[in-house]
Amino acid sequence: MRVGLLGHLLSFRPGYRQAGVSRYIEALVRTLPHVDPTLQLVLYTSADTWRRAPQNFSDHVTARVTPLPTHMPPVRIVWEQAVAPLQTRRDRVDILHAPVNVLPLLSPQPSVVTVHDLAFLIEPATYPAIKRSYLTIFTALSVHRATRVIAVSEQTRQALLTRFRLHPSRIVVVPNGVDSRFQPVRDPGVLAALRERFALPEHFFLYVGTLQPRKNLVRLIKAFAQVFTQLGWPLVLVGARGWQDSEIFQHLQALGLHSAVRAVGYVPAEELPLWYSAATVFVYPSIYEGFGLPVLEAMACGTPTLTSAGTAMAEVAGDAAYLVDPYDIEAIAQGLWRLATAPSLRAELAARGIVRAAQFSWERTARETFAVYQTALCVWNKCVRQRSGGERHACR
């Protein structure tokens, strides 16, 4: 099986582009070639991205690079819709996988599209208008055009069913995984070096993710303000600055928390296990996520975690995290206080988190994704035979 994978949202540049979907694509490239010896992976990406890729990244992968600056959205969109159908036909790709919501609509082969979330529909105010319009139109067209749709969580699957009225059999839930490097760091010397380097106290709350409205950081800061005076623990924000983040810093100033809440900026993925392990409590009360990878990473590192009830994060965490209503500032504050003052609860959640996170791996993601490819090929071939025989049948 020759699989084409669109990798123009893959990034090895430090910054917010290296989070989320980039890590998903990177994990697929690293793990898919090991699932089945007959699988040949063709990665479509930019020359700049390929130059920055780690040396071992190209094992078992054929790269098709373009000199075009596809990190720029307009250029990437034109490449996907105009160039990709021609290039994938030339490369004799058996199946095309679009890993981030949007498929080349004229692709001549069976296709799979991964939908990570529908935040642009569910939380439209957190997206710029142009990006929201593009995603709304092209995601709808893509999920109806694709042979199969991968949803990274059951919540995303249900949203797809509700919003786009797809046949349930066309959507398969394949959860994300967690990299093996995310495990507890127990070396006191290593943790002490991190604390010294960033002047971190013994106890602190940690958030990891892009600083943007959907992450609910304003409510988190207001809740933190209610417990800081008694606890004295700082809140550390790890992540690149994103769209509309100025409101976050305005609230810090207004609440007089500019010294209690520290934004340390982007941290390379290889350093994140240190931060998770050094933190006393990980907090991630996001309003909406398709999956919530930081929750899984924190649990894998044995860090007691607070996250949002009724969301995909709760689906991922199971009974291994403290769940709160993300819209209720008092509930978030009570959760912070409870976790800070109950060492036995923290220990229990830490142990549960490690067990829960072990159920998710990128190897599992790759195996289940490969199974979706096989199903899509089977469905496509069946439809081709039916068309050639003059039969009318809806391909499911």
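Here, every reference points to the structure presented above.
Counting of residues starts from 1 at the beginning of each chain's written sequence and follows it residue by residue. Only residues with pLDDT of at least 70 are given local features in this predicted model, and only at 80 or more are side-chain atom pairs given and counted; all residues enter the totals for whole chains, interfaces and linings. Remark: hydrogens and water are excluded; side-chain values derive from all non-hydrogen atoms of the structure.

> Sorry, what's going on with the overall build of the protein here?
Strands here are runs of E lasting at least two residues and helices are runs of H or I lasting at least four, both read from the DSSP assignment and numbered beginning at the N terminus. Across its full length, the protein holds 15 helices and 13 strands. In terms of overall dimensions, the protein has a C-alpha envelope of 75 × 45 × 40 Å along the principal axes. Here's how the labels work: a residue is buried when its accessible area is under 20% of the maximum for its type, exposed when over 50%, partly exposed in between, all with a 1.4 Å probe on protein chains only. By residue count, 55% of the 396 residues in the protein fall in the buried class. Considering only contacts within the protein whose residues lie at least 6 apart along the sequence, 69% involve residues at least 24 apart. Here a residue-residue contact requires only that any non-hydrogen atoms of the pair lie within 4.5 Å.

> Help me understand the pattern of salt bridges in this model?
Between side chains of opposite charge, a pair can form as their charged atoms come close. Here, a salt bridge means any Lys or Arg side-chain nitrogen found within 4 Å of an Asp or Glu carboxyl oxygen. Considering all chains together, one arrives at 12 salt bridges under this definition. Its salt-bridge partner being glutamate 289, residue arginine 214 comes within 3.5 Å of it at the nearest N-O pair. Of this pair, arginine 214 sits in the loop between β8 (205-208) and α8 (217-231) while glutamate 289 sits in the loop between β11 (281-284) and α11 (293-300), and the two are 75 residues apart along the sequence. The two residues arginine 214 and glutamate 289 agree in class, both being buried. Each member of the salt-bridge network shares a partner with another, and the members are Asp48, Arg51 and Arg52.

> Looking at this structure, I do not really get helix α3 (residues 73-90). What am I missing?
Note on helix geometry: an α-helix contains 3.6 residues per turn, so any two residues three or four positions apart are oriented the same way. Given the number of residues in a helix, its expected span is that number minus one, multiplied by 1.5 Å. Helix length check: α3 (18 residues) gives 24 Å between terminal C-alpha atoms against 26 Å at 1.5 Å per residue, within 8%. The angle separating two fitted axes, one through the seven residues that finish at a residue and one through the seven that start at it, defines the bend at that residue. Along its length, α3 reaches its greatest deviation from straightness, about 50°, at valine 83, and the proline proline 85 lies no more than four positions downstream. Buried within α3 are the following residues: Arg76, Trp79, Glu80, Gln81, Ala84, Pro85, Gln87 and Thr88. Of the residues flanking the end of α3, it is arginine 92, one or two places downstream, whose phi is positive at about 55°.

> For this particular structure, what's the right way to read the environment of cysteine 378?
Looking at the element boundaries, cysteine 378 is found in helix α15 (residues 362-388). You can call cysteine 378 exposed: its relative accessible area is 51%. Separated by 268 residues in sequence, cysteine 378 and proline 110 place their C-alpha atoms 9.5 Å apart.

> Help me understand the sheet that holds strand β6 (residues 148-151) in this model?
For two strands to pair, DSSP has to find at least two bridges joining them. Spatially, the 7 strands line up as an open sheet ordered β3-β2-β1-β4-β5-β6-β7, and their pairing is parallel. Lying at the two open borders of the sheet, with one neighbouring strand each, are β3 (61-66) and β7 (171-173). Direction aside, neighbouring strands of the sheet carry axes that sit 25° apart on average. As paired strands, strand β4 (residues 95-98) and strand β5 (residues 111-115) are joined by 3 bridges and run parallel to one another. Following the sheet pairing, leucine 96 is matched in β5 by serine 111. Axis definition: a line fit to C-alpha positions, over the contact stretch in the case of helices; interaxial angles, taken between N-to-C directions, run 0 to 180 degrees. Contacting β1 (2-6), β2 (40-46), β3, β4 and β5, helix α1 (residues 21-31) crosses the sheet at an angle of about 160° to β1.

> So what exactly am I meant to see when it comes to the pairing of β8 here?
Remember that side chains alternate between the two faces of the sheet whenever the strand is regular. On β8, burial covers both faces: Phe205 and Tyr207 on one face and Leu206 and Val208 on the other are all buried. Two elements, β8 and strand β9 (residues 235-238), share 4 bridges in a ladder whose sense is parallel. In the strand pairing of β9, valine 208 is matched with valine 238. Whether a crossover is right-handed comes down to one check: with the strands pointing away from the viewer, does the path from the first strand over the helix to the second run clockwise; if it does, it is right-handed. Each parallel crossover has a hand, and for β8 linked through α8 to β9 it is right-handed. Looking at chain direction, β8 and β11 are connected through 2 bridges and run parallel. Across the sheet, residue phenylalanine 205 finds its bridge partner in β11, namely valine 281.

> Just to check I follow, could you spell out the side chain of serine 153 for this structure?
Mapped onto the secondary structure, serine 153 falls in the loop between β6 and α6 (154-164). Looking at serine 153, the relative accessible area reads 1%, which means it is buried. Polar contacts, as counted here, are pairs of nitrogen or oxygen atoms within 3.5 Å of one another; within protein the pair requires one atom able to donate a hydrogen and one able to accept it, and residues that are adjacent in sequence qualify only if both atoms are side-chain atoms. At 2.6 Å, the side chain of serine 153 forms a polar contact with the backbone oxygen of glycine 290. Those residues in contact with serine 153, other than ones at most four positions away along the chain, are Val173, Gly290, Ala312 and Glu315.

> Looking at this model, I keep getting lost on α8. Mind explaining?
In this model, α8 (15 residues) spans 19 Å end to end at C-alpha, consistent with the 21 Å of a helix rising 1.5 Å per residue. In α8, a bend of some 35° at alanine 225 exceeds every other bend along the element. Within the sequence span of α8, burial applies to Leu217, Val218, Leu220, Ile221, Ala223, Phe224, Val227 and Leu231. Those residues of α8 that are buried are in contact with β8, β9, α9 (246-254), β10 (261-265), β11 and α13 (329-341). Trailing α8 by a residue or two, glycine 232 shows a phi angle of about 80°, which is positive.

> I would appreciate a short explanation of the packing of α8 against α9 in the present structure.
With their axes 9 Å apart at the nearest point, α8 and α9 run at an angle of 15° to one another. The angle between α8 and α9 places the two elements in the roughly parallel class. Pair α8 / α9 crosses with right-handed handedness. Taken together, the residues of α9 that come into contact with α8 (itself represented by Leu217, Val218, Ile221 and Lys222) are Glu247, Ile248, His251 and Leu252. Residues were grouped as follows: Ala, Val, Leu, Ile, Met, Phe, Trp, Tyr, Cys and Pro as nonpolar; Asp, Glu, Lys and Arg as charged; and all remaining residues, including Gly, as polar. Looking at side-chain class alone, the contact of α8 with α9 contains 5 nonpolar, 1 polar and 2 charged residues. Convention used here: angles under 35 degrees read as roughly parallel, angles over 145 as roughly antiparallel, angles from 65 to 115 as roughly perpendicular, and any remaining angle as oblique. Left-handed describes a crossing whose near helix is turned anticlockwise from the far helix by less than a right angle; the clockwise case is right-handed.

> Could you clarify how one ought to interpret the nonpolar core in this entry?
Considering soluble globular proteins, one finds that nonpolar side chains tend to be buried as a cluster. Buried Ala, Val, Leu, Ile, Met, Phe, Trp, Tyr and Cys residues form a nonpolar core when they are joined through side-chain atoms within 4.5 Å. With 95 residues, the main nonpolar core has Phe205, Leu206 and Leu336 as its most contacted residues. Take this core: its biggest share by element is 8 residues, from α8. Setting aside residues up to four positions removed in sequence, phenylalanine 205 forms contacts with Phe224, Leu231, Trp233, Pro234, Leu235, Val236, Val281, Val283, Leu336 and Ala340. Phe120, Ala140, Ala151 and Ala159 belong to the second-largest nonpolar core, a separate cluster that totals 31 residues.

By themselves, these are just geometric observations and shouldn't be taken as functional.
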